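# Coordinate analysis (summary)
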Amino acid sequence: MANFEAYQEYQRIEDIEEDSPPGEEDLLVHVPEGLKDSWHHIKNLDNFFTRIYHFHQKNGFACMMLSEFFELVQFLFVVTFTTFLVNCVEYDVLFANRAVNHTEPGHNPLDRSKVTIHDALLPSQQCTDRIKGNSWIIFLLVMATIFWIYRLVKVFCNVLSFWEIRQFYIKALKIRMDELCNFTWQEVQDRLISLQREQQMCIHKKELTELDIYHRILRFKNYMVAMINKSLLPVQLQLPLLGNVVFLTQGLKYNFELILFWGPGSLFQNKWNLHPKYKRNGNRLELAQQLSRVILLMGLANLLLCPFILVWQVLYAFFSYTEVIRREPGSLGARRWSLYGRLYLRHFNELDHELHGRLGRGYKPTSKYMNSFTSPLLTVLAKNIAFFSGSVLAVLIALTVYDEDVLTVQHILTAITVLGIVITITRSFIPDEHMVWCPEQLLQCMLAHIHYMPDHWRGNANKSETRDEVAQLFQYKAVFILEELLSPIVTPFILIFHLRNKSLEIIDFFRNFTVEVVGVGDICSFAQMDIRRHGNPTWLSEGQTEASVYQQAENGKTELSLMHFTIKNPRWQPPQESSVFISHLKEKVHHDAQSGPSTQLLLSEAPFCSSLQSNGSGTMPESLLASVLAHPVLTASGLQGAEQRFLPPSTAASAAASVLASLSASQLPHGSRGRSPGLLPASVHPESTMYRSDRTIMDSMSNSDARYRSTTLHSEFASAEMSLHAIYMHELHQQTSHPQRSSGQWQTPVPMRELHPGFQDRARLSSTTSLPTPVHLGGWQEEEEEDEEEEELNSGSHRAATASS
């Protein structure tokens, strides 16, 4: 992809200005005089909106400044305490390798006495002389002092900066600090948009949109998500014996951002504009050479600072995790979403708290999926090691109970601690005897929350290769700690030997995928979520996109990001191409819902399905989502429904379509401003039969409690709705890209362009649509029903479900 001929066909996407109202490019704004503490014509809106967001997410001024203060204290403590341990402790006395000469008056030196802490500490003068005599210690202390002073100045600037943000919340947004925790970010964002109409914070546009604010907060993060999506950053390495390894740490990510965005020699001339020379095609080779030199210098700088960064990483890890490992050794076996996984699974224009909440909901099913893989050999070894270690530990504990003087024997406490750690670790390799092997169902539950997975995972959930790829996104905490410790050593080599080879591709990427939006500046064109320019025909945008393979986002990220942003921001008015896509998707949902089970039937199954999925959630959105995921299993296994009749075979896609269509039908009649109908669940609509009980409860609450409950319900249903869209869109993508896998399909795929009224009328469409076919989900196989009586029951149940939907 780096050769010149391959890039001759690529042209930079023209600048787009959909977010700017027509005729406002040269708008002159009149700001009323006499406005005290007005915030109009803010020069750096990126920094301003980012501080507003962080202020909200970190719970206000007091919490933020207290955290900054303790970060300074932590750094000072680690440096001083480490220096003290190295230079001011007499370890021969502490370990009783040398006798202590007690010469106090009236004390018999022949009497043996216990060594005290005071005996093991050197006098202050001797300690100072040791520090002064070690040039390396002096050098490290000077470096640490310079860094600490830099951090102190930065904290002082942050105090002034966030005090201004505090005043902005109180005076401009009318939000008191004691009420800040009760406001969601969407509510704060709505007040920002309203304030723009009164005080022109941005003078280039009369009105700001939700997308404008997201663009400014996530300008650089959207670029990072796009580069991970296009496999541009060298985070996947081929290592001998280990094979394909993903390596992305905080230090490596920091270097990527430093080189590309805001460091010396970066591609951006300021926080919101790409340097003009990178927008031209003529000097791409020269610019690639310049970028290569910048990467080389940055790699050499990392190599030079490697010893100091490594020492700090080791010390910080030691002070942070040693006590936790001693208290809970099993915590190293816990899993966490990797940094690579957070970028791979992140939507375009998804804020940190939205990503954190979504991945948090997907933690349990992903953990269950990873824990469902066991090694019989390791299980046998773990059981026997746990038996022998437990036997020795039991004897040592019994001896200490009988006589506590056993604890004074050398290394007894060490042996007890090590044996406890060994037992905890070995037990993590012993599977739960009550565990049920259902990887396909667990993978479907994962997909409902993480929204992305490669095509080759479908049908291969039971393979170790799929598990290894999931482990790249969902790593052990021990692996995370090890990677962070190795980061100072590995980062320079990745920069010098891998990232430099990507210089030309990076230059072309920023030229081809950077657009200028009026009032916002230069952004990643993928962040516009433009179906026409970056859609993928296999992800329901067939006939609507003009993108080449190079311009298409991978894994349906454009389409899924558009749906996620639309659901999270119901008042946002999408551009024309995006509105057409959403309308087509809504029509197809209603069309496919006619062949799916009724929502009432799914609600009746919700309690059972929730226990089947074992998600541990009792809320209605989660129960309904669990019912959608489990419904194909119930129908395939022949379980009887509420009407004591066999249910027609269906898939998660058909069930999801039914629920989405029901949510659309239960929406408020007037809708939200600029909102395509059917994307926001009316969780508090009084006429909605699905949520009437919630409304009744809310009517009996106070206004503030009702507003809080309404916001909570909206957030829950919005997340559940996006999960349903992810399931539905993945099913249709599989039908389009892999038509040969008919065993898991529930009907013949109908192209979205055929659903548009301009292509074909509904009568002809309904006559050409085939009947549902049996589904094979997660190893469940349906038997051919040859009995005519059972067929009549199924057809009757199907007609009842269609009528109810």
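None of these values were measured; they are calculated from a predicted model.

### Quick word on the overall build of the protein chain
- Counting secondary structure elements, the protein chain contains 31 helices and 6 strands.
- Burial status across the protein chain gives 47% buried among its 805 residues.
- Counting every atom, the protein chain has about 40,200 Å² of accessible surface; 59% of that belongs to carbon and sulfur.

### Observations concerning a nonpolar patch on the surface
- Side chains of Leu 297, Leu 300, Leu 303, Leu 482, Leu 486, Ile 489, Phe 493 and Phe 497 sit close together on the surface and give an oily, nonpolar patch of about 750 Å² of accessible area.
- At the level of secondary structure, the elements contributing two or more residues to the nonpolar patch comprise α12 (284–327) and α20 (477–499).
- Looking at the nonpolar patch element by element, the count peaks at 5 residues for α20.
- Assignment of secondary structure puts Phe 497 in helix α20.

### Examining the nonpolar core
- Within the largest apolar cluster, 138 residues are counted, with the highest numbers of intra-cluster contacts made by Phe 48, Ile 52, Phe 168, Tyr 169, Trp 185, Met 227 and Phe 510.
- Those residues in contact with Met 227 that sit more than four places away from it in its chain are Leu 232, Leu 233, Leu 260, Phe 261, Phe 509 and Phe 510.
- Judged by nonpolar contacts, the second largest core, of 6 residues, contains Leu 396, Val 406, Ile 412 and Ile 423.

### Focus on the confidence of the model for the protein chain
- Averaged over all residues, the pLDDT of the protein chain is 77; the fraction at 70 or higher stands at 73%.
- Note that pLDDT drops below 50 for residues 1–36; the model gives that stretch 68 contacts with residues more than four away or on any other chain.

### Comments concerning the environment of Val 589
- Inspection of the secondary structure assignment puts Val 589 in helix α24 (residues 576–593).
- Considered as a pair, Val 589 and Ala 653 are 64 residues apart in the sequence and their alpha carbons are 9.5 Å apart.

What counts, and where the lines are drawn
Residues numbered from 1 in each chain as written. Predicted model: local features only at pLDDT ≥ 70, side-chain atom pairs only at ≥ 80, totals over all residues. Heavy atoms only, no water. Helix = DSSP H or I, 4+ residues; strand = E, 2+ residues; numbered from the N terminus. Buried < 20%, exposed > 50% of the residue type's maximum accessible area, 1.4 Å probe, protein only. Areas by Shrake-Rupley, 256 points an atom, 1.4 Å probe, with all protein chains shown as cover. Patch = residues over 30% accessible without salt bridge, like charges linked within 9 Å, V, L, I, M, F, W, Y side chains within 5 Å. Salt bridge = Lys/Arg side-chain N within 4 Å of Asp/Glu carboxyl O. Core = buried A, V, L, I, M, F, W, Y, C linked by side-chain atoms within 4.5 Å. Contact = heavy atoms within 4.5 Å. pLDDT = per-residue confidence, 0-100.

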